[in-house]
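Each chain, written out:
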Amino acid sequence: SGERRLLNFGHTLGHALEKYYGYTRLAHGYAVAAGMAMITRASENRGLTAPGTYKRLCSLLKGLDLPVSDSAPLDKIISSVMLDKKMTGSHINLVLLREIGDAFVHKIEAASLMDFLGDKA
């Protein structure tokens, strides 16, 4: 809760990826890195994150040999997200970036998560 919640950046999708692969294919840090990039891409596409943040984040992650995406089917990832502890009733709290170094919690209806994460552009 509170400011500590911001430490969950990337973890919602990262944990879902780990679960999808049965905790065997991706190490935790790799899954979280992919989750960070995936959520930032989606939030930038929706105008919640400053333009260019996704590209900058990907550059930083790639420089550390960390992934910026994953081939797991989005519907399977979302199924795992629905079991996440960040779910509150029919909502989920997503940690997003306004820009690198400035995170915030964005509450959305769980039913709209597929639309939020899907390609908009």
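Attention now moves to the packing of aromatic side chains. Here the distance between the centres and the angle between the planes together describe a pair of aromatic rings. Enumeration over the complete set of coordinates arrives at one aromatic pair. Sitting over the ring of Phe116, Arg46 keeps its end group 5.5 Å from the ring centre.

With that settled, consider the confidence of the model for the protein. Of the residues in the protein, 93% have a pLDDT of 70 or more, and the chain-wide mean is 90. Across the protein, element-level confidence peaks in helix H3 (residues 53–63) with a mean pLDDT of 98 and bottoms out in strand E1 (residues 87–88) with 66.

Moving on, we get to the pattern of salt bridges. Counted by the stated rule, this structure contains one salt bridge. Among the salt bridges present, the one from Asp102 reaches Arg98, with a minimum N-O distance of 3.1 Å. Taking relative accessible area as the criterion, Arg98 reaches 40% and is therefore assigned partly exposed.

Moving on: the side chain of Asp70. Note on placement: Asp70 falls in the loop between H3 and helix H4 (74–81). Within the buried core, Asp70 has no salt-bridge partner, and the shortest N-O distance to an opposite charge, that of Arg25, equals 4.5 Å. Here the side chain of Asp70 touches Tyr21 through a polar contact of 2.5 Å, side chain to side chain. One polar contact links the side chain of Asp70 to the main-chain amide nitrogen of Ala72, over a distance of 2.8 Å. If sequence neighbours within four positions are ignored, Asp70 has contacts with Leu17, Tyr21, Arg25 and Leu26.

Below, the discussion takes up helix H2 (residues 28–45). Owing to its 3.6 residues per turn, the α-helix brings residues three or four apart onto one side. Between its first and last C-alpha, H2 extends 26 Å over 18 residues, near the 26 Å set by a 1.5 Å rise per residue. Every buried residue of H2 is listed here: Ala31, Val32, Ala33, Ala34, Gly35, Met36, Ala37, Met38, Ile39, Thr40, Ala42 and Ser43. Looking at the buried side of H2, the elements it contacts are helix H1 (11–20), H3, H4, strand E2 (91–99) and helix H5 (113–117). Count one or two residues on from H2 and you reach Gly47, which has phi positive near 80°.

Here we come to the pairing of strand E3 (residues 102–109). Two elements, E2 and E3, share eight bridges in a ladder whose sense is antiparallel. Residue pairing in the sheet places Ile92 in a bridge with Ile108 of E3. Between E2 and E3, which pair antiparallel in sequence order, lie two residues; one of them, Gly101, sits at a positive phi of approximately 95°.

So, on to the packing of H2 against H3. At a closest axis distance of 9 Å, the pairing of H2 and H3 adopts a crossing angle of 165°. Classed by the angle they form, the pair H2 and H3 counts as roughly antiparallel. In this structure, H2 crosses over H3, and the sense of that crossing is left-handed. Taken together, the residues of H3 that come into contact with H2 (itself represented by Ala33, Met36, Ala37, Thr40, Arg41 and Glu44) are Thr53, Tyr54, Leu57, Cys58 and Leu61. Within the contact of H2 with H3, the residues separate by chemical class into seven nonpolar, two polar and two charged.

Below, the discussion takes up H3. Among all positions in H3, only Thr53, Leu57, Cys58 and Leu61 are buried. Seen from one end, H3 has its buried residues packed into an arc of 130°, which puts them on one side. Of the residues in H3, the exposed ones pointing more than 90 degrees away from the buried face are Lys55, Arg56, Lys62 and Gly63. Buried residues belonging to H3 abut H2 and E2. Remark: Asp65 follows H3 within two positions and exhibits a positive phi of approximately 60°.

So, how was this worked out
Residues numbered from 1 in each chain as written. Predicted model: local features only at pLDDT ≥ 70, side-chain atom pairs only at ≥ 80, totals over all residues. Heavy atoms only, no water. Phe/Tyr/Trp six-rings, centres within 6.5 Å; stacked < 30°, edge-to-face > 60°. Lys NZ or Arg CZ within 6 Å of the ring centre and 35° of its normal. pLDDT = per-residue confidence, 0-100. Helix = DSSP H or I, 4+ residues; strand = E, 2+ residues; numbered from the N terminus. Salt bridge = Lys/Arg side-chain N within 4 Å of Asp/Glu carboxyl O. Buried < 20%, exposed > 50% of the residue type's maximum accessible area, 1.4 Å probe, protein only. Lys, Arg positive; Asp, Glu negative; His and termini not counted. Polar contact = N/O pair within 3.5 Å; in protein donor to acceptor, adjacent residues only side chain to side chain. Contact = heavy atoms within 4.5 Å. Expected span 1.5 Å × (residues − 1). Pairing = 2+ DSSP bridges. Axes fitted to C-alpha atoms, helices over the stretch in contact; angles between N-to-C directions. Parallel < 35°, antiparallel > 145°, perpendicular 65-115°, else oblique. Left-handed = near helix turned anticlockwise from the far one by under 90°. Nonpolar A, V, L, I, M, F, W, Y, C, P; charged D, E, K, R; others polar. Arc of directions from axis to C-beta.

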